[in-house]
Amino acid sequence: MKRKPVMAGNWKMNKNNSEAVNLAQQLCYKVEPEWGREVDVVLCPPAVDIKSVCNVIAFDKAPMSVGAQNVHWEESGAYTGEISVGMIKEAGCKYCIIGHSERREMFGETDEDVNRKAKALIAAGLTPIICCGETLETRDAGLTNSFVCNQIVKALAGIAASDVERVVIAYEPIWAIGTGRVPTPEAADEVCAAIRSTIAQLFGQRAADQIRILYGGSMKPENAKFFLPMPNIDGGLIGGASLKADSFAALVQACL
Ligand code: 13P
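Note that this is a predicted model, so its numbers are computed, not measured.

Asker: Please provide a residue-by-residue account of the overall build of the protein, values included.
Answerer: Helix and strand counts for the protein come out as 12 helices and eight strands. The C-alpha radius of gyration computed for the protein amounts to 17 Å, which stays within 12% of the reference 18 Å derived for 256 residues, consistent with globular compactness. Seen through its principal axes, the protein has C-alpha atoms that stretch 45 × 45 × 35 Å. Within the span of the protein, comprising 256 residues, buried residues form 54% of the whole. If you take every contact in the protein between residues at least 6 apart in sequence, the share linking residues at least 24 apart comes to 75%. Accessible area of the protein: about 11,500 Å², with a carbon and sulfur share of 52%. One way to put it: in the protein the 26 positive side-chain charges average out to a point 3 Å from where the 30 negative ones average out.

Okay, here's the thing in structure tokens:
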């Protein structure tokens with residue numbers, strides 16, 4: 001089963017507006033128009049930069065989409081500091097990262113929140129990038145697959161199989177994020193395979209065959225060539241290496 005890879009850059013809380021515009025412009029120059037046929041490229045800047053980055057991409061007709069890093073599930077109301085699905089959609093987003101381990105650990109995001117966000121995004125026609133991943137403690141206890149699959153079961157609860165196939169999952173072991181440590185490609189693939197078989201059990205083989213599962217955590221151009229050929233890994237969710245045009249463009253090119 002050949003799935004179209006996704007290469008997504010999570011800029012986290014980096015880049016002011018002019019730096020964001022500059023990075024997007026450099027990427028428009030480096031990411032060749034025909035690459036868009038073979039890989040879905042997604043830039044996830046800070047929320048205040050979404051519109052500027054969308055404008056740069058539209059002006060250059062570059063083969064890239066934009067995603068938010070978080071969203072609230074309610075349409076509107078008294079939720080100080082939050083941003084709705086309608087707002088990110090209007091700004092130009094096609095994707096949104098939800099359930100990132102930094103949001104779960106530092107801002108108390110729960111599996112139930114992730115599920116509400118996933119449903120709200122799907123209802124609006126946006127693609128959730130649902131993050132999951134274990135701590136080193138959980139890995140050492142031999143509980144990785146059950147922990148990660150349980151996160152995914154909860155995130156996708158009540159979602160139709162026909163919608164699940166459009167979702168993107170990002171497996172990001174917490175101990176690999178920003179540390180330079182990575183699992184072996186085989187170990188990462190094993191977790192992604194376990195996620196895929198959980199999807200097959202819950203939503204059927206078609207959804208399992210279609211859904212794209214990314215690896216994230218210290219992925220760089222130098223190690224991407226080992227992760228990307230793995231049978232259950234369909235691309236990457238990139239932090240640090242997405243902040244420089246050369247390295248992110250090299251990661252996109254590694255998907256071709
Ligand atoms: P790094 O690529 O910096 O390890 O970050 C991964 C990540 O958290 C992407 O969401």
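Asker: Please set out the site of the ligand residue by residue, giving values where relevant.
Answerer: With respect to spatial proximity, 13 residues lie near the ligand, and among them Lys12, His100, Gly178, Ser218 and Gly240 are the closest. Asn10 is positioned such that a nitrogen or oxygen atom in its side chain is 3.0 Å from an oxygen atom of the ligand. A distance of 2.9 Å separates an oxygen atom of the ligand from a polar backbone atom of Gly239. Relative to its free-state accessible area of 310 Å², the ligand is covered by the protein chains to the extent of 96%. Looking at the shell around the ligand, its residues break down into four nonpolar, seven polar and two charged.

Asker: Tell me about the packing of helix α5 (residues 111–123) against helix α7 (residues 144–155), residues and numbers included.
Answerer: Each pair of packed helices can be summarised by the angle the axes make with each other and by the distance between the axes. Running from N to C, α5 and α7 cross one another at 45 degrees; their axes reach a closest spacing of 8 Å. As summarised for this structure, α5 and α7 are arranged oblique, according to the angle between their axes. Mapping the contact onto sequence places Asp111, Glu112, Val114, Asn115 and Ala118 in α5 and Gln151, Lys154 and Ala155 in α7. The class makeup of the residues in the contact of α5 with α7 is three nonpolar, two polar and three charged.

Asker: Tell me about the sheet that holds strand β4 (residues 95–98), residues and numbers included.
Answerer: The strand order around the closed barrel built from eight strands is β1-β2-β3-β4-β5-β6-β7-β8, with neighbouring strands paired in parallel fashion. When strand polarity is set aside, the average angle formed by the axes of neighbouring strands in this sheet is 25 degrees. Lying over the sheet, helix α2 (residues 50–60) contacts β2 (40–44) and β3 (64–68), oriented at roughly 175 degrees with respect to β3.

Asker: Account for the packing of aromatic side chains, with residues named and values stated.
Answerer: As enumerated under the stated definition, the model contains two aromatic pairs in all. With a centroid separation of 4.5 Å and 5 degrees between ring planes, the pair formed by Tyr215 and Phe227 is classed as stacked. A residue pair is termed long-range when its members are at least 10 positions apart, and Tyr215 in strand β7 (residues 212–216) and Phe227 in helix α11 (residues 221–227) qualify at 12 residues. Exposure class is identical for Tyr215 and Phe227. Each is buried. The structure contains a cluster of three or more aromatic residues connected by ring pairs, namely Tyr171, Tyr215 and Phe227.

Asker: Please give an account of the pattern of salt bridges that cites residues and values.
Answerer: Opposite charge on two side chains lets them pair, provided their charged atoms get close. Scanning the entire structure with this criterion turns up 13 salt bridges. Here Arg212 makes a salt bridge to Asp40, at a shortest N to O gap of 2.7 Å. Linking Arg212 in strand β7 with Asp40 in strand β2, this pair joins segments that are 172 residues apart in sequence. Residue Arg212 shares its accessibility class with Asp40, and that shared class is buried. In this structure, Glu134 and Arg139 form a salt bridge, with 2.8 Å as the shortest nitrogen-oxygen distance. Classification of Glu134 as buried rests on a relative accessible area of 0%. On the basis of relative accessibility, which here comes to 25%, the residue Arg139 falls in the partly exposed class. Overlapping salt bridges bring together Arg3, Arg196 and Asp234 as one network.

Rules used throughout
Residues numbered from 1 in each chain as written. Predicted model: local features only at pLDDT ≥ 70, side-chain atom pairs only at ≥ 80, totals over all residues. Heavy atoms only, no water. Helix = DSSP H or I, 4+ residues; strand = E, 2+ residues; numbered from the N terminus. Rg over C-alpha atoms; globule rule 2.2 N^0.38 Å. Buried < 20%, exposed > 50% of the residue type's maximum accessible area, 1.4 Å probe, protein only. Contact = heavy atoms within 4.5 Å. Areas by Shrake-Rupley, 256 points an atom, 1.4 Å probe, with all protein chains shown as cover. Lys, Arg positive; Asp, Glu negative; His and termini not counted. Charge placed at Lys NZ, Arg CZ, Asp CG, Glu CD. Near = heavy atom within 4 Å. Polar contact = N/O pair within 3.5 Å; in protein donor to acceptor, adjacent residues only side chain to side chain. Nonpolar A, V, L, I, M, F, W, Y, C, P; charged D, E, K, R; others polar. Axes fitted to C-alpha atoms, helices over the stretch in contact; angles between N-to-C directions. Parallel < 35°, antiparallel > 145°, perpendicular 65-115°, else oblique. Pairing = 2+ DSSP bridges. Phe/Tyr/Trp six-rings, centres within 6.5 Å; stacked < 30°, edge-to-face > 60°. Salt bridge = Lys/Arg side-chain N within 4 Å of Asp/Glu carboxyl O.

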